[in-house]
Structures are given as structure tokens and as C-alpha cells.
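# Summary of the model geometry
Spelled out from the first residue to the last, the chains are:
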Amino acid sequence: MGDSQLTRVKLTSVLLVLQALFIVLFGIFVDYGDDANAVMSTGNETTPNSVKSYYPMFQDVHVMIFVGFGFLMTFLKRYGFGSMGFNFLLSALVVQWQILMAGFLHMEHGKIKIDVTSMIAADFGAGAVLISFGAVLGKTSPLQLVIMAFFEIIFYCVNEMIGLTYFKAVDIGGSMFIHAFGAYFGLAVARVLWREDIEESDKEGSVYHSDLFSMIGTIFLWMYWPSFNGALAPGDDQHRAVINTYLSLAACCVVTFAISSALDAKGRINMVHVQNATLAGGVAIGTSADLMIRPWGAMLVGTSAALISTLGFTYLTPLLSTKAKVHDTCGVNNLHGMPGILAAIAGAILAAIASTDIYGLSLYQVFPARSPVENSTMLQELQARFSEIEAGLGRTAGEQAGYQMATLGVTLGIALLGGTITGFLLLIPCLDRPEGDQLFDDEKFWEVPEEGFQKLPLFDPNSSHGVNREEPAIKNGATEDTKF
Amino acid sequence: MGDSQLTRVKLTSVLLVLQALFIVLFGIFVDYGDDANAVMSTGNETTPNSVKSYYPMFQDVHVMIFVGFGFLMTFLKRYGFGSMGFNFLLSALVVQWQILMAGFLHMEHGKIKIDVTSMIAADFGAGAVLISFGAVLGKTSPLQLVIMAFFEIIFYCVNEMIGLTYFKAVDIGGSMFIHAFGAYFGLAVARVLWREDIEESDKEGSVYHSDLFSMIGTIFLWMYWPSFNGALAPGDDQHRAVINTYLSLAACCVVTFAISSALDAKGRINMVHVQNATLAGGVAIGTSADLMIRPWGAMLVGTSAALISTLGFTYLTPLLSTKAKVHDTCGVNNLHGMPGILAAIAGAILAAIASTDIYGLSLYQVFPARSPVENSTMLQELQARFSEIEAGLGRTAGEQAGYQMATLGVTLGIALLGGTITGFLLLIPCLDRPEGDQLFDDEKFWEVPEEGFQKLPLFDPNSSHGVNREEPAIKNGATEDTKF
Amino acid sequence: MGDSQLTRVKLTSVLLVLQALFIVLFGIFVDYGDDANAVMSTGNETTPNSVKSYYPMFQDVHVMIFVGFGFLMTFLKRYGFGSMGFNFLLSALVVQWQILMAGFLHMEHGKIKIDVTSMIAADFGAGAVLISFGAVLGKTSPLQLVIMAFFEIIFYCVNEMIGLTYFKAVDIGGSMFIHAFGAYFGLAVARVLWREDIEESDKEGSVYHSDLFSMIGTIFLWMYWPSFNGALAPGDDQHRAVINTYLSLAACCVVTFAISSALDAKGRINMVHVQNATLAGGVAIGTSADLMIRPWGAMLVGTSAALISTLGFTYLTPLLSTKAKVHDTCGVNNLHGMPGILAAIAGAILAAIASTDIYGLSLYQVFPARSPVENSTMLQELQARFSEIEAGLGRTAGEQAGYQMATLGVTLGIALLGGTITGFLLLIPCLDRPEGDQLFDDEKFWEVPEEGFQKLPLFDPNSSHGVNREEPAIKNGATEDTKF
């Protein structure tokens, strides 16, 4: 069919043009950082190359992006190929684009130097895009996703620069810059793309084994989240980040099971909660992971995140869908959105109470803007005792807290605005948008083996209920047994 | 139904009460260790923070607990949600409780200081509980599991303290403290909980793809076991631990396939063996992983473990079930129990022959109790040459070997006694115990999607055998083709 | 049946004899390296044990071998047990044998000393064998595979020694020694084993969920490939290797999707491409991963690899099968063979242009044969400035490039010759060779649970196409919609 042949041409050419563009731009601008450049190596190094220090946590983050997000989204019974496959494609594309975009904003002598920390940052960018993908999962074509990713990374990098370089906010786990940003960008796109046929589709559910595939994703995200929050933190900050994240997630998991059971008339646990809400603690602790929140504080954050997230999946997501035309396939608002806001608030509170009593002189390294200004007497005294301290802006604790919240506000604004603009771009015709029966279905974009591909309705001769249609698949936590 | 509504309340409240209790106790007692405390950071550190040293192996252990055990137990065709989900819940709960319990037994000035090694130790504790879970898999409610875990960790921590602090035994891989303990605790619980309907259930088997999900668990356990055995070992001990474990597991795998084929009339390999017995080498080498067992010695241990384990799955487990009313769902006796005992014996033998000829002066660091006593001339001479040596008890090799075996004995005793007591606690009514048709089935505790959930009997129009009931699912290695 | 009882005896005895032989040979020849030997430990070490440096990347390689290859091959709908299981068995066997074989070729005072780098090298050897396994997947018995592995490792170790020690070629990622070697060895075996019933089998395809299991393998291979290419590289070389591999794979993934869509009449993406061709960039960059290929150069290599690989799966593999009687089950020629040759060529080009302008003095460490000869003035001057430089052969850039290509030639020669010889060995009768209906089927070698095991033909009452036979399973990328 004519339309399909154009499909062939469109996706192929967009991808090839982008890849060629990336190669050319890398050729002009990008080179190895000093630690990866042979000509900088003197052979007399006494300390190990920095790759040893960053690489293990890089790989954990890498697994979260490709395995974690990829498999998490395979819960959809007829969209497993799209979930895994588009996750794979988008991430491979985005990491290259993020290196360029972030590089352009931080060039040194017209060059972008990359090393293993660039790879970590690139993967973080992919994370934001995949979160947005989760909001629109099953409702777009790969071409639309590629276009969304391209523009999202521009907004992502600009927002991060504003927050880190100008507002000098801290957000070691990216709960604002990655999670809240990605969620609300994606939800804005979802709102613009909303159509009635999305609500009417009955393919938006899981089957037993797709729920198990999804758990592969959940569990790798949950386990490696301490690395996500600690990957770019130095020294004791990193040590604290992994402890805080570990504890926040443990508490979050326990409370998720507790609330999930309470929300069911028969006390049964809901897989949607276990797959998603158990992770909210990782997001919610992100901004303050490297701060002195204390172990009990991290657990309290995880507990709150579980509450917000689980209730969100059961009550808020259906409401957003029916009342606000925001159809959130994966419930990213419950896992990345609201917990991201919670993280920002927790971070602001901790910033407000931060002092040298709690942090010692590393206060000025954890909150660089708190450091005394250039050339001040106070700065010189500090540097005599703690040589790594750099000049700052002399902010007070309250001012830093204010900037934390301002950063959240700007992030939400850019995300919603950027997402809305991008959403309208995706409405341009001939972007192969799936409709009706094509929603939540791999058939349009993938060569799918017939066997094993769930057909609806599936006649089950042993079911006392006859055709399975009488048993609605679980959607976003709400079933007929959910106690409202 | 009234009972289900109480179910809702019970599990929810127990979990919320426990989590609140943990937060309060952490608030009172737990703080960051010095390496994770900002106020201890001077900014002039020349060596990297200890998190860099321990964290990679911590994550390997973490994956074994959450992915390894979790997926290993998904072989049950109708209990995949319970296996993965309860594994997840129990572990998240236990790591918090273990930090407290172990912390109470080792407090410094009324405080429990935690760092990444605490996280490793906490995960180890979860390991013990998950092994016990394996013995009772499919036969308990989540509420019963939570209660079992709570009490088990108390016995676990007390036993470990006796063995390490008083008996000064060595067990770097926890083959006694984690594996043997967890197995026999769990088997004792299983014995107390035994009922006839367990033996009569026909849901206790696998299907083709659940066996593949289970292999995810097997393979992550097998690969990361060197980290489990080496995570807390220093220097060359750690290097030796990973080599010994790697070789023991390689030999174990090869021999498992060999024996498995031999036990089938048609020479076919049995997935139960491949999923479980291939891992026995990791358990069996655990106590001596950091000792000078020599590469060939490690392979011999792995070979023996494979033999014991594979034969155990085929012959011993059915016997224990029918004759002793010990129904061991996962065959933990074959993977953790007997190989744990083998490990203890191997460790004792190696302790008996340990000398400075073999270890050099690091003998006194590998076996601290062998070190000369405080203030002795011999100690001072040693410390002049090897400053890290600390005072010990001046034990002989034979004495150390004796204490190794005594530790095994005490461990078995506490495990069996503790398991029995806990088993009786679990018999308290209104703990939502599954019965009859509810055994080995997710339906009672989970909202299960209808599609894909294996129904029995499953009519297969193409099967020349008609109804599948004529093809018994494989249970614990014994099929009609097994040659007895 | 008589034949099956012999089967039992044969596989069991071969495995037990091999394992016993390994234990004896390890007992005579193998001991811990100095870093793992307690008697070498002085207690006054100021630098961390080398295990810390190598172990994290070792585990990534380990996961690639056991999870990556293992699950990648589970796409076959009725051979999941064989793929995962035989991958497991072969690897466990091969790592032990490779340690011995490689050790014999490099003995020090009649001893083979092993440490964590030996484990990495052993896993690399397993990689070569598993690639060959991929060429013959579904067409051999486990006994044939064990024999193939045994002989392959001999050829593998000899070839690697010729290339590294005599030709002094560089191949940090093993694209010649592991990938090209393994592929062409395996293809030679496949050619010798070719029979008509292989082409006639209709079991050689995937089903929906087996494709998802396969993606587990794909994604772990893709993510950890930087570790595979960097594991044994020092300092900045390693840093460069992970950057180059990361970028090559990213570009390869994007271009694979692009070409895959273009090759389908309806623009749909083919899972075979996503599972396999996306990885070709890792192979293709292997030889030059630690060289100064520049980030854009790595991406160009990845792009070329995707092109070659994707087109290979769609056009070349069916042709090789029908015209040349080379039936390549997994398409190893497209993923390991041709990309391996591409890697060698890229490596030769980079060797030809290598100079101190690009590498500084580390030129002589990256290309040791370029170093000036023993006792030359030039060598002494260099060593004064860069103490780690060792004497070399004084080769020019062009000479080094020549030796790179010569190494490729010798590798291909030994692989094809060795594979052909080994193939004929596998034709010896009574090696339990599967035939006809037994091909691509677990039933002959595994106790398979009936439920869930795909039966053909599978009657699908809802399919408007009636019996599924009218929908050919996807084989190696070619479907009726492929545009030729």
C-alpha cells in the first residue's frame, strides 16, 4: 500500500539523516577527553585512570536504561516488541544527541571532550526521553517517537543548564531534571495526542507472562537505583547516596505491598503496583540522596513515595484519563512525576537546614553556591583548611532552598511547554500515527510471529466465563474489585 | 467475604507497623558510618572512599538476592507472581531488620553506624530468609512469610554472632551461617506446616516458559557467586575467593549435566538439575573460598557438590516428602543444606592443615584466632614484620578445625530449633494459610490476569495423549523415566 | 531403547572423563598467581589488589557469555532448553579447558599461574566456542558440541598465540581471534554437517515470547560490550575502548532499525535484525577499540557494521544456505564473521596511520612491535621519558598494518581448516546426531514439560488463516514481504 511504502522511506531516511548528521557533528566537534587521549598519557601515572572510578556505576545506569525501562514496559500483552525495541532505538539515538546538545552548551575552545562521565550523562538524557515514552506508550509511531526525542533533548539540556549552571541547584539523582521533567513533558505530549479511540482500546493490558517480563525491568531498576543516584557524586557523597537510595527503596517496597493489599476488596496484591510504585522511592530520594537526610529520613521519603505512587495508580491515573484527557499509559505521573516533585521538596527542606554543623566544611562542596564569594577573606580561610573548596555565591541556607524550588518551577514550566509544542509537532500528518485497532499493538510496525501473539477475543474452553472479554485486563491498577 | 476483608487489614497493618517501627528504630539508633558522613570528610583524602572498593561486588550480591532467587523460584507454573513478588517484599523487609538486629548485637556507643558493607551484610541476611522461603514456596501466605522472616533474622543474627565472635570460625561465603542455616530453618518450618493436601496438589510443576524464566535466576546466581563469596574478603583473600568459586561452579555445572543425563532412561537432561544443582558448587566452596584450597581442590569440591545435589533432587527430596513429611518445594536441602555441610567439612579440613608454609604470615589474618595472644613475644615479633596482624587466641590448626565443626553443629541446632518454633508460630489461625486448591497458586494473593494463567486441566486438541493430566508435570526431578 | 541407553552412558562418561582430566591437570600444573597467593602477601601493600581493578569488567564479560549468548539463542521456539542449557554446559567446560590450553602455551617454570585476568581470557575462549555453537544451533547433540568445543579451543589457543606472540598484532576486542575465528570455524563445521533435512525443518523459527526471551540476551550483550573490548586494556586505552564501543554500538543500533524498516514492503521492523545486527558494531570496533579512531570514526564503523549485518541477514544467509550448503542458524556470519573482517581492516588502517603525533609515546605501548629494538639508542632515550616502554621490533606503521592483515588471513585459514577437520570428527556415528523431526527440538535431549511446549501445527481457531502453517515462521529475516 502506498502509505506503507512511504512509511518505509520516512523512518529509514529520518534515521539515516540523523545518524549521518551525528557523525558529521562528532567529526567536527567531539574528541576524547584527556583521560582517554593517548597523547596525554605520560606512562608515569601513579593513580588509576578515571575510567576505573566511574565505569562500574555507569554500567548499572546503562542496565537501567536498556533493560530496566525496556522490559518494564513489556507488560502490554501485544506491544512487547515495541516496548523493548523502541526503547532500544530511542536510547541509542538519544545518547548521541545528548552528547552533542549538552556539549554545545558547555564547549571548551570549540570542542566537546567526552569521557565515561559523558556516557553517564548521555544515559541520563535517555532516561528522561524513555519516561516520556512511557506516557505515550502504544499510541505513537516510531517516527513520532524519534521526533519527540530529538526535540525533548533540546529542552532537557537547556533546562538542566538553567538549573545547574544559573540556579546552581543540587539534584544528584536527577529527580527534577530527569524524572519530573520527563514525566511532565511526556504527559503534555499525551494530552495533545489524546483521542477517543485510545480510551476505547481493549488491548491495553497485560497477560501472566508479560507481567513476568515486566518484572525483569522493575527489579533491575530497583536494584541499580543507588548507582543512578550516586554515579556522579564524589567521595562520601556517593557513599551516602547509595545508602539513602537503598533504604528509601526498601521502605517504598514494603509500603507499596501494604497499600496495594489494602486497596483490593480481597486483600490481593496488584502487579501494576509491584512493577511501578515500588520504584517511587528511588525517584523521591533522588534530589537529596547525597545530602545528610539520615537513614530514617530516607526511609520516610520512601514510605511517602509509596503512598503517593500506589494511590496514584489506583485513583489518579484513571481520573486524569477520563476527566482531563491525559492518558498516561505507564502511569509515569505516579512513578516519576509526583515522586519527582516530592524529591524536590525534600531537597529544598534539607537545603534550608544545611549547615557546617551537619556537613562540616564539605557543606561548600555539596552546595557550591553556599561557598563564600571570590576573593573574600572567608573563602581564603576555608581553602586553607579544605583545599578543594571553590568560590561560590555566598548564599544562605534559605536562599539555596528557594533556588531549589525555583528550579522545580522552571523545570515543570519548560517540560509542560516543551511537551505541548512537541505534541503539536507530532500531530503533523503522515507521521504514521497508529489509530483504532493499531493502538497498543505491534502489528503495524513489526513483523510479528503469529504463534504466541495474543489474539482477542481468545476463546478459552475451560473458562467458566466463556470468552475472556468478560474478564477485563488489569489497567493501571483499577479492577472491579478495587475498593473506591 | 469477611475473611478476605480481614486479610486486607492484617497484611497491610503488619507491614505498616513493621515499617513504622523500623523508621523509629533507625531514627534512634542508626547513622551513617564515617566514610559516608559529610562531617568526617576533610577534603584532603588521598585514597578513594571505601564505597568504590565494595560497591561493585555489593551490586552483584544484590542481583543474586533480587533477580537470582526471585526468578529461580518462578519455575512454578501458577506461582510466578508469588515467587517474584514475595521474594521482593521479603528482601526489602529483611534488609532493614537485619541492619537493626545485627546492629543491636554490635553497637558502638549506643549507635549503629552503617555503610556499604552493612548493605552487603543485610543482603546476606535476606539470602538466608529466601532460602527458607524456597523450602515453603507455594505453601504459605505472605503474612506467614513476613512473620517467619522477622523471627528468622533474630536467630540468624544470634547464630552468626556466636560463630564469628565467640567461636571465631571462618566462613567467608556464609555456607554455614547463610546457606545451611537458611535451609534447615526452612525445612523445620516446612515439617511443622506439613499437610496432606500439599502432597496431593498437581500444581507443583513447571511449564516450558516458566522453566526459562527460572533460568534467568539460575544464571545470575551462578555468574555472580564469586562476588557473594568474595565481597567481604580483603586483598589476596578476595582474589582467591573469586578464582576458587569460579572453578568450583564450572566443575559443578559439568558434573551436574553428566549425572542428570545418567539418571534418565533416555539420557535426557532434567531442567530441575540444571536450574539448581549447577549452583551447589558455589555453596560448597563458600567456607573455604578464601583459603588456599588450590584450584584443583575447588574443582573437586564443585564436583562433589554436583553429585550430592543432583542425586538429592532425584532421590532424597521425594523420600523426605513421602517418608519424613518434609516437603521441600525448591529442594533447598540439595542446593543449600547438604552442600553447606560439605562446605563446613571442607573448611574444617583446610583449617586443620593451615600453616605459615602455606599462608605465610597472612595465616594470622585469614584465621585470626590462630594469632598469638595479646602481649606475647610471638605477637610482637609478627607485628614487626606484618603490621596488620592483631592479637588472637593462639589456637592450633586442630583447634581451629574443631571450632569450625562446632560452629556447624551450633548452626544446625539453632536453625532446626528456631525453625521449629517459628513453624508453630505460623500455625496460629487467621494467618491466611493457603489450603487445597490455593496451594502453589497465585490466585488467592494476587490480582491475576486471566490470559496466559495456566488452567488445569488444559485441553490440548493436538496432543495424542488427550488431556494433559496424563503427562505429569516434572516435580523435583523424578519422572516416569527416572531410573531408580 | 538401546540407542538411548548408550546415549546416557556416552554423554555422562565423556563429561566425567573430561572433568576428571581437568582436575588432574589443574592439580599438576595450575596454581594461584602471586596476587591471589596468601604466601606472597606481605600485609604492607599500599595499592589495592589487582582483583579490584579487573573484576568489575570480568563480570560484565561473564554476563555476556552466560546470559548474553545463552538467551540470545532462545529465539528458537522449541529449543530454549538446548540454547540456554548447552550454552551453560559448553561455557563451564570450555573455561577450564582454555585455562589449561592457553596455560600450556605460556608456562612459567612448568606452572600455570591464574588470576582474574585468566578468568577473563577463559570467558573469551568460551565466547569463540559459543559463536560456533550459534552456527550449528539446533543441529547437533550435546555430545557433538562437547567434542567440537574440545578441539576448537586447541585451534583457538594456537591461533591466538601465533597472532599475538609471533605476529604481534593488536586485537583488544578479539574481533579476529574470537569473533571471526569462532564464526568461520562454526560455519566450516556447519558445512560439513549439512543435510537436506535441515533445510526442510519447519521448527526453525520463533514465537512471540521466545523473541522476547532472546532480547534479554541481545540487550545484555549490547550494554556490556564496552567491557568486552576494554577488559584487558590498560589506562587510557581502556577508557578509549569503552567510549569507542559505546558509540559504535549506538550508531549500529540506529542504522539497523533504519535498514530493517527499508527491507520490508510495509516498513515493518524485523526482530531478527534487532536481536542480532544491532550488535555488529561491537564486533566491528573490536580491533580498534583502544586505538585513536576518534569518536566519529567509531560511529562510522558501527554504521558500516549495521549495513553489512542487516543486509547479510536478509540476503546472504538464505543464499549461503541454498547455494553453498552452509546453514547458519543464528546468522553468525552476519554478526561475528563479516563484522570481524571489517574490524580487522579498520584495525589495519589505523595501524597504518599510527604515529607519535597521534599517540604520543604511548604509541610504543599500544603497538609494542613499533617500539625500537633491544639495546638501541632510540629505545634508551624513550625509556628515559616513558619508563613503561619495552623493547620491540622497530616496525614501521605500514609493517604493522601488514601484520594485522596477515593475522586475519592466518586466523581465517586456521578457523576454516580446523572447523572442517572438527566437522568430520563430528560425523563419526553414534554421537547421537539429531535428524529430521529431532532438529531444532528439545525433545531428544531434555525432559520437557508438555504444557507450553509449542506443538506444530498449532490450531488457532481465531486465525482467519486457519492452520498456522500458512504463516511461515520468520527465518533469518526473510519473509514473504521482504523486498528483494
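Residues numbered from 1 in each chain as written. Chains lettered and ligands numbered in written order. Predicted model: local features only at pLDDT ≥ 70, side-chain atom pairs only at ≥ 80, totals over all residues. Heavy atoms only, no water.

### A short note on the overall build of chain A
For chain A, the count of helices and strands is 17 helices and four strands. Each principal axis of the C-alpha atoms in chain A carries an extent, and together these give about 80 × 55 × 40 Å. When burial is assessed residue by residue, chain A has 68% of its 484 residues classed as buried. Considering only residue pairs separated by 6 or more positions, chain A has 79% of its internal contacts joining residues 24 or more positions apart. When the accessible surface of chain A is split by element, carbon and sulfur atoms take 63% of a total near 14,600 Å². In chain A, 27 positive and 44 negative side-chain charges are present, and the distance between their average locations comes to 5 Å. (Helix = DSSP H or I, 4+ residues; strand = E, 2+ residues; numbered from the N terminus. Buried < 20%, exposed > 50% of the residue type's maximum accessible area, 1.4 Å probe, protein only. Contact = heavy atoms within 4.5 Å. Areas by Shrake-Rupley, 256 points an atom, 1.4 Å probe, with all protein chains shown as cover. Lys, Arg positive; Asp, Glu negative; His and termini not counted. Charge placed at Lys NZ, Arg CZ, Asp CG, Glu CD.)

### A look at a negative patch on the surface
A cluster of acidic side chains, namely D35(A), E45(A), E388(C) and E390(C), defines a negative patch on the protein surface. For E388(C), the position within the fold is in the loop between α16 (377-385) and α17 (397-425). (Patch = residues over 30% accessible without salt bridge, like charges linked within 9 Å, V, L, I, M, F, W, Y side chains within 5 Å. Salt bridge = Lys/Arg side-chain N within 4 Å of Asp/Glu carboxyl O.)

### Concerning the relation of the copies chain A and chain C
For these two chain copies, the linking operation is a rotation about an axis paired with a shift along it. Superposing chain A onto chain C requires a rotation of 120° together with a translation of 0.0 Å along the rotation axis, leaving an RMSD of 0.0 Å. The symmetry that links the two subunits is that of a three-fold axis. No C-alpha of chain A lies nearer the rotation axis than that of P56(A), which sits 3.7 Å from it. Of the interface residues in chain A, just 10% have counterparts in chain C that sit at the interface too, so the contact is made through distinct surfaces. (Least-squares fit on C-alpha atoms with pLDDT ≥ 70 in both.)

### Points about the nonpolar core
In terms of nonpolar packing, the biggest core is built from 469 residues, with F220(A), F220(B) and F220(C) touching the most fellow members. In contact with F220(B), not counting residues within four places along its chain, are F220(A), V63(B), M64(B), V67(B), V67(C) and F220(C). (Core = buried A, V, L, I, M, F, W, Y, C linked by side-chain atoms within 4.5 Å.)

### Here's the deal with the packing of helix α9 (residues 235-262) of chain B against helix α4 (residues 116-135) of chain C
Running from N to C, α9(B) and α4(C) cross one another at 30°; their axes reach a closest spacing of 10 Å. The angle between α9(B) and α4(C) places the two elements in the roughly parallel class. Contacts between α9(B) and α4(C) involve H239(B), V242(B), I243(B) and Y246(B) on the former and, on the latter, V116(C), M119(C), A122(C) and D123(C). Taken together, the residues of the contact of α9(B) with α4(C) break down into six nonpolar, one polar and one charged. (Axes fitted to C-alpha atoms, helices over the stretch in contact; angles between N-to-C directions. Parallel < 35°, antiparallel > 145°, perpendicular 65-115°, else oblique. Nonpolar A, V, L, I, M, F, W, Y, C, P; charged D, E, K, R; others polar.)

### Side note on the relation of the copies chain B and chain C
Note on the copies: chain B fits chain C at an RMSD of 0.0 Å, the axial shift is 0.0 Å, and the rotation between them is 120°. Comparing interface residues between copies, only 10% of those in chain B also lie at the interface in chain C; the contact surfaces differ.

### Focus: unusual backbone geometry
At K325(B), a residue that is not glycine, the phi angle is positive and equals roughly 55°. By the secondary structure assignment, K325(B) is in the loop between α12 (295-324) and α13 (332-352). Even without being glycine, R294(C) reaches a positive phi, approximately 70°. With respect to the secondary-structure elements, R294(C) resides in the loop between α11 (280-284) and α12 (295-324).

### Here we look at the interface of chain A and chain C
Counting residues at the interface gives 80 residues for chain A and 81 residues for chain C. In total, chain A and chain C occlude about 6,800 Å² of area from one another, counting both sides; carbon and sulfur atoms represent 69% of this. Our count for the chain A to chain C interface comes out at one salt bridge. D31(A) is paired through a salt bridge with R294(C); the nearest N and O atoms lie 3.0 Å apart. (Buried area = accessible area lost by both parts, 1.4 Å probe.)

### Examining helix α6 (residues 175-192) of chain B
Residues and elements named next belong to chain B. The end-to-end C-alpha distance of α6, which contains 18 residues, comes to 24 Å, matching closely the 26 Å that a straight helix rising 1.5 Å per residue would cover. Along α6, the largest kink reaches about 30° and is centred on F181. α6 sits mainly inside the fold: 17 of its 18 residues count as buried. (Expected span 1.5 Å × (residues − 1). Bend = angle between axes of the 7 residues up to and from the residue.)

### As for the interface of chain B and chain C
One frequent convention defines the size of an interface as the accessible area lost when the parts assemble. Each side of the interface is counted separately: chain B has 81 residues, and chain C has 80 residues. Summed over both sides, the interface of chain B with chain C buries roughly 6,700 Å², with 69% coming from carbon and sulfur. Taken as a group, Y208(B), H239(B) and Y246(B) account for 13% of the area that chain B buries against chain C, more than any other trio of residues on that side. Our count for the chain B to chain C interface comes out at one salt bridge. Our count for the chain B to chain C interface comes out at 24 residue pairs in polar contact (both at pLDDT 80 or more). Ranked by residue count, the leading element in the side of chain B that touches chain C is α9(B), at 19 residues. Classifying every residue of the side of chain B that touches chain C by side-chain character gives 44 nonpolar, 22 polar and 15 charged. (Polar contact = N/O pair within 3.5 Å; in protein donor to acceptor, adjacent residues only side chain to side chain.)

### Overview of helix α5 (residues 142-166) of chain A
Each full turn of the α-helix corresponds to 3.6 residues, which orients residues three or four apart in the same direction. In this model, α5(A) (25 residues) spans 35 Å end to end at C-alpha, consistent with the 36 Å of a helix rising 1.5 Å per residue. A positive backbone phi angle near 50° is found at K168(A), which sits one or two residues after α5(A).

### Regarding the packing of helix α8 (residues 208-230) of chain A against helix α2 (residues 50-72) of chain B
Two numbers describe how α8(A) lies on α2(B): the axes approach to 10 Å, and their chain directions differ by 160°. The angle between α8(A) and α2(B) places the two elements in the roughly antiparallel class. Handedness of the crossing formed by α8(A) with α2(B): right-handed. In this structure, α8(A) uses L212(A), M215(A), I216(A), I219(A), F220(A), W222(A), M223(A), Y224(A), P226(A) and S227(A) to contact α2(B), whose residues at the interface are Y55(B), Q59(B), H62(B), V63(B), F66(B), V67(B) and F71(B). For the contact of α8(A) with α2(B), the per-class residue count stands at 14 nonpolar, three polar and no charged. (Left-handed = near helix turned anticlockwise from the far one by under 90°.)

### Topic: the pattern of salt bridges
Using the criterion set out here, one finds 33 salt bridges over all chains in the structure. The residue R240(B) makes a salt bridge to D237(B) at a minimum N-O spacing of 3.5 Å. Residue R240(B) and its partner D237(B) are located together in helix α9, separated by three residues, close to a single helical turn. Neither residue differs from the other here; R240(B) and D237(B) are each classed as buried. Salt bridges linked by common partners bring R78(A), K203(A), D441(A) and E443(A) together as one network.

### Digging into the side chain of S248(C)
Residue and element names in this part refer to chain C. Among the secondary structure elements, S248 is positioned in helix α9 (residues 235-262). The class for S248 is buried, based on a relative accessible area of 0%. Look past the residues within four positions of S248 in its chain and what remains in contact with it is G281, I285, A298, M299, V301 and G302.

### A word on the packing of aromatic side chains
Two aromatic rings are characterised by how far apart their centres lie and by the angle between their planes. Using the criterion set out here, one finds 81 aromatic pairs over all chains in the structure. On the basis of an interplanar angle of 70° and a centroid distance of 5.8 Å, the ring pair of F81(A) and W446(A) is categorised as edge-to-face. Highlighted residues: F81(A) in helix α3 (residues 80-105) and W446(A) in strand β4 (residues 446-447), separated in sequence by 365 residues. W446(A) sits in the buried class, given a relative accessible area of 1%. Between F220(C) and Y224(C) the ring centres are 5.9 Å apart and the planes differ by 50°, which places this aromatic pair in the tilted class. (Phe/Tyr/Trp six-rings, centres within 6.5 Å; stacked < 30°, edge-to-face > 60°.)

### Some remarks on a nonpolar patch on the surface
Among the surface-exposed residues, L307(A), I308(A) and L311(A) lie close enough to one another that they form a single nonpolar patch of about 210 Å² accessible area. By relative accessible area, I308(A) is classed as partly exposed at 30%.

### Examining the confidence of the model for chain A
All names here are of chain A. On average, residues of chain A score 92 in pLDDT, and 92% of them reach the 70 mark or higher. Counted against residues more than four places away or in other chains, residues 456-484, with its pLDDT under 50, gives 64 contacts. Interface confidence for the predicted complex, given as ipTM, is 0.93, next to a pTM of 0.94. (pLDDT = per-residue confidence, 0-100.)

### Considerations on the state of the cysteines
Summed over the entire model, instances satisfying the criterion amount to zero disulfides over all chains. Here C157(A) is not cross-linked by a disulfide; its sulfur's nearest cysteine counterpart is in C253(C), at 20 Å. The thiol of C253(B) is not disulfide-bonded; the next cysteine sulfur, from C252(B), is found 7.5 Å away. Residue class for C253(B) comes out buried when judged on its relative accessible area of 0%. (Disulfide = S-S within 2.5 Å.)

### Thoughts on the environment of V192(C)
Residues and elements named next belong to chain C. Mapped onto the elements of the fold, V192 is located in helix α6 (residues 175-193). Considering only alpha carbons, one finds V192 and G27, 165 residues apart in sequence, at a separation of 37 Å. Excluding residues within four positions of it along the chain, V192 makes contact with T420, G423, F424 and L427.

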